[in-house]
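Close look at the chain arrangement
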Amino acid sequence: MREQTAHTTPAGAAAAGRAPESGAAPEADSLVIAGEEFGSRLIMGTGGAPSMHVLREALTASGTELTTVAMRRVDPQARGSVLDVLRECGVRVLPNTAGCFTAGEAVLTAKLAREALHTNWVKLEVIADERTLLPDPIELVDAAEQLVDDGFVVLPYTNDDPVLARRLEQVGCAAVMPLGSPIGSGLGIRNPHNIELIVEQANVPVVLDAGLGTASDAALAMELGCDAVLLATAVTRAQHPAAMAAAMRHAVQAGRLARLAGRIPKRRYAQASSPWEGLSTGT
Amino acid sequence: MKVIVNGQAREVPEGTSVAELVASVAPAVSGVAAALNDEVVRRSDWDATTLREADRLEVLTAVQGG
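Here the structure is a predicted model, which is why all the values come from computation and not from measurement. (Residues numbered from 1 in each chain as written. Chains lettered and ligands numbered in written order. Predicted model: local features only at pLDDT ≥ 70, side-chain atom pairs only at ≥ 80, totals over all residues. Heavy atoms only, no water.)

For side chains bearing opposite charge, pairing can occur when the charged atoms are close. This model, assessed by the stated rule, comprises 11 salt bridges over all chains. We note a salt bridge from Arg56(B) to Asp38(B), for which the minimum N-O separation is 3.5 Å. Highlighted residues: Arg56(B) in strand E5 (residues 56–64) and Asp38(B) in the loop between strand E3 (32–36) and strand E4 (39–41), separated in sequence by 18 residues. Bridged by salt links that share partners, the residues Asp29(A), Arg41(A) and Arg256(A) form one connected network. (Salt bridge = Lys/Arg side-chain N within 4 Å of Asp/Glu carboxyl O. Helix = DSSP H or I, 4+ residues; strand = E, 2+ residues; numbered from the N terminus.)

Here we take up the interface of chain B and chain A. Contacts between the two partners involve 25 residues from chain B, matched on the other side by 26 residues from chain A. Between chain B and chain A, a total of about 2,100 Å² is buried, with carbon and sulfur atoms accounting for 61% of that surface. One can count 2 salt bridges joining chain B with chain A. Joining chain B to chain A, the criterion identifies 13 residue pairs in polar contact (both at pLDDT 80 or more). If you list the elements that add at least two residues to the side of chain B that touches chain A, you get E3, E4 and E5 of chain B. With 7 residues, the top contributor of residues to the side of chain B that touches chain A is E5(B). Residue composition of the side of chain B that touches chain A, by class: 13 nonpolar, 7 polar and 5 charged. Summarising the sheet, strand E4 (residues 66–73) of chain A and E5(B) pair through 5 bridges and their orientation is antiparallel. Paired with Ala70(A) across the two strands is Val63(B), which belongs to E5(B). (Contact = heavy atoms within 4.5 Å. Buried area = accessible area lost by both parts, 1.4 Å probe. Polar contact = N/O pair within 3.5 Å; in protein donor to acceptor, adjacent residues only side chain to side chain. Nonpolar A, V, L, I, M, F, W, Y, C, P; charged D, E, K, R; others polar. Pairing = 2+ DSSP bridges.)

Right, dumping it as structure tokens:
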């Protein structure tokens, strides 16, 4: 059970093993998934970028160290590979199972990705239908269990359902990645309360995945206590992808710092920040 | 014999291997994986694995996504 960190000092949070010593440089506050350390808490997707050039600029501006790709049939006419871009950017590749509707399809896709890309990490996606792209929870847990048993580091894209997140953690997932809102919708975090509940109970990193539209959404995810943010469309389909990538990078850092700093409680009425004593109009 | 490679029917000689068919569709083998009838074929087995009539071969690679 994760302690309530909203009122915890950075030093207190550090004692719990999740944050730097008070006053430590922010870069020491690394994200750890399955024992691997990442300096950036922004995980990027590559979908939607209009060109490899734009993608390269956006990834560089984002500062990301972990980025997703999809697995598809080879195109004999394809020019340039997304893998080349990730290699040039020094970014670790995270294959996904996007487009899979059943546990069987997702497990096969993960195994093909492992063979092709020499990684046992997988962003597990099992969707229910094309209109919403919402995860199918039954197939998702089934696939997660099979892949964990087969030695994969499984990072499941899941609904913002605390019970489902707990089940995914119980079958051995290395993180849980609840959606903020449907993929590509830009609707932001529709149920912040559920995200907080997921964060409170999780013993693995929580990555807010999907639905973010702009920088304030990413900051909110981190303020709610998420350990990282995963996004693609908000950057790749922005009018200026590299500029939005930089905005997201700063938003994630700002949200993380604010979370560790411990925000003030919300109050119904004003609380003066200037003293009342010593007013010249006083008696 | 007739086989299906990435969803397309192909007429190939008896004894055609996974390695030969991968080479026919993929410009390079780096970052590529193959599944024969929904089972992954390890790269080290591509040469020795031959197809039979009506087999389905899928040859995948990484693309932009997620």
